[in-house]
Amino acid sequence: MTDHNRVGTTVLGYPRIGPDRELKKAVERYWAGRIDEAELNEVARGLRVDTWRRLAGAGLNSVPSNTFSFYDQVLDASVLFGALPSRFTGLGLSPVDTYFAAARGVQEAPALEMTKWFDTNYHYLVPELGPDTAFTLAGSKPLDEFREARAAGVVTRPVLVGPVTYLLLAKAASGAPEDFRPLDLLESLLGAYTELLAQLHAEGVPWVQLDEPAFAADRTQDELDALATAYRVLGGLTDRPRLLVAGYFGALGDGLGVLARSPIDALAVDLVTDPAAVRAVAAEGALRDKEVVAGVVDGRNIWRVDVDAALAKAATLLGTAGSVSVSTSCSLLHVPYTVDVETGIDPRVRGWLAFAEQKVDEVVLLGAALAEGTEAVADRLAAARAATADRAGAADLRDDRVRARLDSLRPEHSVRGDYARRAQAQRQTLGLPPLPTTTIGSFPQTAEVRKARAAFRAGTIDGDTYQTAMRAEIEKVIRLQEELGLDVLVHGEPERNDMVQYFAEQLNGFAATEHGWVQSYGSRCVRPPILYGDVSRPEPMTVRWASYAQSLTSKPVKGMLTAPVTILAWSFVRDDQPLGDTARQVALAIRDEVHDLESAGIRIIQVDEPALRELLPLRAAEHAAYFDWAVASFRLATSGIADSTQIHTHMCYSEFGDILPAIDAIDADVTSIEAARSRMEVLEDLAAGGFGRGVGPGVYDIHSPRVPDTDEVSALLRKALDAVPADRLWVNPDCGLKTRGYAEVEPSLSNLVTATGQVRAEL
Ligand code: GLN
Ligand code: ZN
């Protein structure tokens, strides 16, 4: 992307939701029929043009385009290459409505499946491919955006999901033959990419970026061969722009050599997750003729770059690659727009942060330092050094009491008594019927609940008024559960906006942003807290709500907490110590809460760990080390209590395969898991692995507004009983109910209770 002997600067992608979530708001207004397509496009165009101008204005010498999306970049690729399933294309809708139908589903056609983008909290829409899928160039989005940017004065570099990663992220459509693999379609897909590259070349596009992050995970020889084929074919074209292939989220392993030997022009490597790539690149003689795009600025976390470390990496590459560009490690999609608006964060902590805009400036600064020498930018480098040094030396980060407590812990602090004894003690104290019914925690968050929370935050109602409103809601939820006949009740979580933010706001060591939104999927955005220092719990966080709920009923009320890995996964975490150390600190804070709940008479405590799968490293060789600290943190948080206190955990998202051993090892008394959509398959896997504790497979899919009928639930329960004996089976929905309405929740739970009664009678 740069001339030989010069140093280029770029980023691999940029946020698209808008600094004030303009895209989210416009898309949701369009869905609600409040604006038309022309107005929606106008908002989108404005956001794109602002981004290109900002990136060019900041001094990047190569600016990405086609990083905009109305929903998801993988869905964009499916549409571009004519690979949407016919259940959407046959609906007779306009192109944009067909696109949204695939993303969100309509009555006649369930949405494409959504799953996590590698080890991030971004979700993409899974392509559904079959042997009949014939890829064609069916759209012109990359071309249109290139033209639009050029008209706005910026020549850009269109970015696309690479063909091999696209196929590896796809799944076989239902009905495809057993032996069909999406990768079988490579030749057809390369035909469509070829056509696209020719079209872009004819338009004068100088560079195209193809993302192949799938090679940061373990790949088979076949898959590596596919990578070699893809870039031999695309690189070998004569009518094409120059090609940058980007690998990120980890070491490319054997993929690095494959790409180095391919006839591509540039390779982007992630030097944040994989600093050793500097040496790997040097070892690839073939890269001496290519450009290496050095991902030295962390695209996924929010700390200011260590300029000296970054410069050292890039400078080493200068000696071994044909030419070098400075870049972010991955797309900036995963960080918020700008630190400047975060006036609520302690100024000292704010000085340590860099969001997307600041990261662009960091890239430009590093590029200048490399190209012109550090003297030329000495002042800005000194300011950057001062900020990182301030963070490294900050006493606020350290809490010696927390460290001393952790040092004094011994292994026995993280083990509970023998499970059989616990089960016995719990049977006695709890006296539950077989197949106990319960829910996952949250009840529908009504407009009034949200309003009361917002008013309390804004200071327009006082603490007492807020307490009264929340207590009234808790009482309503308890009474409803009693009427429905559920066995283990919850308080409903009305006081929580988010299961991580709620705890982060009450723990020391965390800062909250006001505008730090990041796209999670489609129009859904999250505002991850920033974990910057040692974590501790100044006072109980949930006890008064749980105790109040318990005071209203003689049935057991389940306390509700979030487990350490999930708190880390959904926050921006400090990068100055191993994740496992941070997890132990969070675990200690949760442990204090568990103990306080127990002392307050709460006999069942659920510690949610839905993100256990999300932080699983992409490479199998790193799994064991991850499980070590992840499992240890859960056990530290949930031990040191009476045998009779029952610990539940909850996990969602459908793929459990790799984490089954960890689900066992965390030693929870009861584990509730998503299972309704996969029709209980996970139970067989658990049983096969010898899992012998309580399990609550979800029998009601809360991601859908559908009310399951009694027969449907009882059928699922009978199926579950094939894999789990009745004395260990629990009955519950798939996940929390907070996004649903009472109109669906009441009949659904009523059917769940009735179905359980029927199946109990058959025992
Ligand atoms: N207890 C949480 C709730 O019910 C669990 C949410 C989750 O698993 N994501 O909302
Ligand atoms: Zn869940």
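Source: prediction; values computed, not measured.

Visitor: Which residues make up the overall build of the protein, and what values go with them?
Guide: Looking only at helices and strands, the protein features 28 helices and 21 strands. C-alpha atoms of the protein, sized along the principal axes, occupy 75 × 60 × 50 Å. The long-range fraction of contacts in the protein, counting pairs at least 24 apart against all pairs at least 6 apart in sequence, stands at 77%.

Visitor: Requested: an account of the UniProt feature "binding site: L-homocysteine" (unreviewed entry) in the protein, with residues and values cited.
Guide: UniProt records the feature "binding site: L-homocysteine" (unreviewed entry) for I440, G441, S442, E493 and D608 in the present numbering. These annotated residues cover 169 residues of sequence, and their C-alpha atoms lie no more than 13.0 Å from one another, placing them together at a single site. Excluding residues that lie within four positions of it along the chain, S442 makes contacts with G492, E493, G736, L737 and K738. With respect to the helices and strands, the residue D608 is situated in strand β18 (residues 604-608).

Visitor: Any details on the environment of L409? Residues and values, ideally.
Guide: In this structure, L409 sits in the loop between α16 (400-408) and α17 (419-430). A residue is classified by how many C-beta atoms lie within 10 Å of it, and L409, with 14 of them, is partly exposed. Spatially, the C-alpha atom of L409 lies 15 Å from that of T582, the residues being 173 residues apart in sequence.

Visitor: Describe the site of ligand 1, naming the residues involved and giving the relevant values.
Guide: As a structural note, the neighbourhood of ligand 1 is formed by 13 residues, with I440, G441, S442, P610 and G736 the closest of them. Its residues assigned to classes, the shell around ligand 1 comprises 6 nonpolar, 4 polar and 3 charged.

Visitor: A description of the sheet that holds strand β2 (residues 63-65) should follow, citing residues and the corresponding values.
Guide: Taken in spatial order, the 8 strands make up an open sheet running β1-β12-β11-β10-β9-β8-β6-β2, and their pairing is parallel. The open sheet has two edge strands with one neighbour each: β1 (7-9) and β2. Going across the sheet, the axis of each strand differs from the next one's by a mean of 30 degrees, ignoring polarity. Inspection of the sheet shows strand β8 (residues 207-211) paired to strand β9 (residues 242-246) by 5 bridges, in the parallel sense. Directly across from Q209, in β9, lies its bridge partner L244. Where helix α12 (residues 307-318) meets the sheet, its contacts fall on β11 (291-297) and β12 (323-328), and the angle it forms with β11 comes to roughly 170 degrees.

Visitor: I'd like a rundown of unusual backbone geometry, residues and numbers included.
Guide: Phi angles above zero are rare outside glycine, and F118 is one such case at about 50 degrees. Structurally, the position occupied by F118 is in the loop between β3 (114-116) and β4 (123-125). The exposure class of F118 is partly exposed, given the 18 C-beta atoms found within 10 Å. Phi at E493 is positive, roughly 55 degrees, even though this residue is not glycine. Its 24 C-beta neighbours within 10 Å are what place E493 among the buried residues.

Visitor: Lay out the sheet that holds strand β19 (residues 646-651) in plain terms, naming residues and giving numbers.
Guide: Strand order in the open sheet made by the 5 strands is β17-β18-β19-β20-β21, with parallel pairing throughout. Only two strands of the sheet have a single partner each, and these edge strands are β17 (558-562) and β21 (694-697). The mean inter-strand angle of the sheet, taken between neighbouring strand axes irrespective of direction, is 20 degrees. Pairing of β18 with β19, which is carried by 3 bridges, proceeds in the parallel orientation. Note that in β19 the partner of I604 across the bridge is Q646.

Visitor: Let's hear about the pairing of β21: which residues, and what values?
Guide: With burial as the criterion, each face of β21 is covered, one bearing G694 and G696 and the other bearing V695 and P697. With 4 bridges connecting them, strand β20 (residues 670-673) and β21 associate as parallel partners. Its bridge partner lying in β21, V670 is registered against G694. Crossover connection from β20 via helix α26 (residues 681-688) to parallel β21: handedness right-handed.

Visitor: Just give me the short version of the environment of P529, but keep the residues and values in it.
Guide: Relative to the assigned elements, P529 resides in the loop between β15 (524-526) and β16 (530-536). Residues P529 and E357 lie 172 residues apart in sequence; the distance between their C-alpha atoms is 19 Å.

Visitor: If you had to explain the nonpolar core to someone new, which residues and values would you point to?
Guide: Ranked by size, the top nonpolar core spans 227 residues in total, and within it L189, L267, V292, A294, V296 and L366 carry the most contacts. Aside from chain neighbours lying at most four places away, what touches L189 is F81, F135, P163, Y166 and L167.

Visitor: I'd like a rundown of the UniProt feature "binding site: 5-methyltetrahydropteroyltri-L-glutamate" (unreviewed entry) in the protein, residues and numbers included.
Guide: Residues annotated by UniProt as "binding site: 5-methyltetrahydropteroyltri-L-glutamate" (unreviewed entry) correspond here to R21, E22, L23, K24, K116, N121, R524, C525, W570 and E614. On the basis of their most widely separated C-alpha atoms, the annotated residues across 594 residues do not gather in one place, lying as much as 28.0 Å apart. Looking at the element boundaries, R21 is found in the loop between β1 and α1 (22-31). Its 17 C-beta neighbours within 10 Å are what place R21 among the partly exposed residues. Topologically, K24 is positioned in helix α1. Aside from chain neighbours lying at most four places away, what touches K24 is I17, S523 and C525.

Visitor: Describe the pairing of strand β6 (residues 156-161), and please don't skip the residues or the numbers.
Guide: Two faces make up the sheet, and in a regular strand the side chains alternate between them. Taking burial as the measure, the 6 residues of β6 include 6 buried ones, the bulk of the element. By the alternation rule, side chains of β6 split into T156, P158 and L160 and R157, V159 and V161, which are all buried. Of the strand pairs in this sheet, β2 and β6 are connected by 3 bridges, and their pairing is parallel. Its bridge partner being in β6, S65 is matched across the sheet by P158. The pairing of β6 with β8 spans 3 bridges and is parallel.

Visitor: Tell me about helix α14 (residues 356-372), and name the residues and values.
Guide: Relative to the 24 Å expected for 17 residues at 1.5 Å per residue, α14 spans 24 Å between its end C-alpha atoms, a close match to the ideal helical length. Across the 17 residues that make up α14, a large majority, 12, are buried. Its buried side turned inward, α14 meets β1, α2 (37-58), β11, α12, β12 and α15 (378-393). G373, located one to two residues past α14, shows a positive phi value of around 95 degrees.

Visitor: An account of the environment of A151 is needed here, citing residue identities and associated values.
Guide: Within the secondary structure, A151 is located in helix α6 (residues 141-151). Taking the C-alpha atoms as reference points, A151 and V49, 102 residues apart in sequence, are found 9.5 Å from one another.

Visitor: Can you break down the confidence of the model for the protein residue by residue, with the values?
Guide: Counting all residues, the mean pLDDT for the protein is 95, and 99% of those residues have values of 70 or more. With a pTM of 0.95, the predicted complex shows an ipTM of 0.99.

About the cut-offs
Residues numbered from 1 in each chain as written. Chains lettered and ligands numbered in written order. Predicted model: local features only at pLDDT ≥ 70, side-chain atom pairs only at ≥ 80, totals over all residues. Helix = DSSP H or I, 4+ residues; strand = E, 2+ residues; numbered from the N terminus. Contact = placed C-beta atoms within 7 Å. UniProt positions renumbered as here; feature names shortened; annotations may be inferred. Buried ≥ 20, exposed ≤ 12 C-beta atoms within 10 Å, placed from the backbone. Near = placed C-beta within 6 Å. Nonpolar A, V, L, I, M, F, W, Y, C, P; charged D, E, K, R; others polar. Pairing = 2+ DSSP bridges. Axes fitted to C-alpha atoms, helices over the stretch in contact; angles between N-to-C directions. Right-handed = clockwise from strand over helix to strand, strands pointing away. Core = buried A, V, L, I, M, F, W, Y, C linked by C-beta atoms within 7 Å. Expected span 1.5 Å × (residues − 1). pLDDT = per-residue confidence, 0-100.

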